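# Working through the structure, step by step
One-letter residues, chain by chain:
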Amino acid sequence: MDLKKMKKLPLLFENNRLWAKSQVEQNASFFKDMAKVQDPNYLWIGCSDSRVPANEIVGLAAGELFVHRNVANLFPHTDFSALSVLEYAVDLLQVEHIIVCGHYGCGGVKAAMQEHGLGLVDNWLRHIRDVYDRFKEELEKMEDPIDRFNRLVELNVRQQLLNVCHTTIIQKAWAKGQPLCVHGWIYDLESGFLKDLNCCVSNVAQLEKIYRLEIM
Ligand code: CO
């Protein structure tokens, strides 16, 4: 083991140097412009999985996508990290689109379908067990475990999308007339393609009555 390398990670710094150089070659004022302001039109809520690099798969450059990632792309109502990202994206950056993107083969969703616990993360993944429980009739009708797994990945995205819509942040924005659309997508690791679940929500009338808030 080369301790000196471990402390410095020279490969990553070399990559960074080349990347910074190539950006300036393409656009001399790239970093000057970037340092002034960010003006992304999209917020991405995705999984931490290293195989789902948000910017790359939608072909957007630095500055074009505001990103929040965690294990299994969850959006619990009381997660202050996620809520703070959402508030900043909606109120300050005024993004028009929020994308909740899950992916087939998600290790977090898979772990939530298993009986044996992993430890602390099970408390986080409990949110997915709740989704399973809500849809267990549909899920347990499926004979192929892969189909059931894929379906739970999709249902989890739909639930997290609704969790985003149920926040005071989104409902306040809609009440003010701010255009805001929340999309549910799935990324397929095996093909590299995105799939739109066609469950986009863009106004309060699309929500169940119990979740609608009258706020200004
Ligand atoms: Co995942």
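Residues numbered from 1 in each chain as written. Predicted model: local features only at pLDDT ≥ 70, side-chain atom pairs only at ≥ 80, totals over all residues. Heavy atoms only, no water.

### With respect to a nonpolar patch on the surface
The following threshold applies: Only residues whose relative accessible area exceeds 30% and that form no salt bridge enter a patch; like-charged residues are grouped when within 9 Å of one another, and nonpolar side chains (Val, Leu, Ile, Met, Phe, Trp, Tyr) when within 5 Å. Here the accessible surface of atoms and residues is derived via Shrake-Rupley with a 1.4 Å probe, and residues count as covered only by protein chains that are part of the display. In the sections that follow, a salt bridge refers to a side-chain nitrogen of Lys or Arg positioned within 4 Å of a carboxyl oxygen of Asp or Glu. For the purposes of this entry, the term helix denotes a DSSP run of H or I that reaches at least four residues, the term strand denotes a run of E that reaches at least two, and both are numbered from the N terminus. Exposed residues in this analysis have more than 50% of their type's maximum accessible area, buried residues have under 20%, and partly exposed residues fall in between, with area computed by a 1.4 Å probe over protein chains only.
Taken together, the side chains of L9, L11, L12 and F13 define a hydrophobic patch exposed on the protein surface, amounting to about 460 Å² of accessible area. Following the sequence through the fold, F13 ends up in helix α2 (residues 10–26). Given a relative accessible area of 59%, F13 falls into the exposed group.

### Topic: the nonpolar core
Formally: To form a nonpolar core, buried Ala, Val, Leu, Ile, Met, Phe, Trp, Tyr and Cys residues must be joined to one another through side-chain atoms within 4.5 Å. Two residues qualify as a contact provided that any one of their heavy atoms is within 4.5 Å of a heavy atom in the partner residue.
Within the largest apolar cluster, 46 residues are counted, with the highest numbers of intra-cluster contacts made by L43, L86, I98 and V164. Top element by residues in this core is helix α9 (residues 145–165). It accounts for 8 residues. Those residues in contact with V164 that lie beyond four places of it in its chain are I45, F75, L86, I98, V100, I170 and V182. If you look at the next biggest cluster of nonpolar residues, it comprises 8 residues, including W44, C101, W185 and Y187.

### Side note on the pattern of salt bridges
Side chains that carry opposite charge are capable of pairing whenever their charged atoms lie near each other. The full count for this structure, using the stated rule, is 7 salt bridges. Of the charged contacts, one joins R51 and D49 as a salt bridge, the two residues approaching to 2.7 Å between their closest N and O atoms. With a relative accessible area of 46%, R51 lands in the partly exposed category. Residue D49 is classed as buried on the basis of its relative accessible area of 15%. Between R151 and E138 there is a salt bridge whose closest N-O contact spans 2.4 Å. Placement of the pair is R151 in helix α9 and E138 in helix α8 (residues 136–141), with a sequence separation of 13 residues. Each of the salt bridges in this network shares a partner with another, and the network as a whole consists of E138, R151, E154 and K195.

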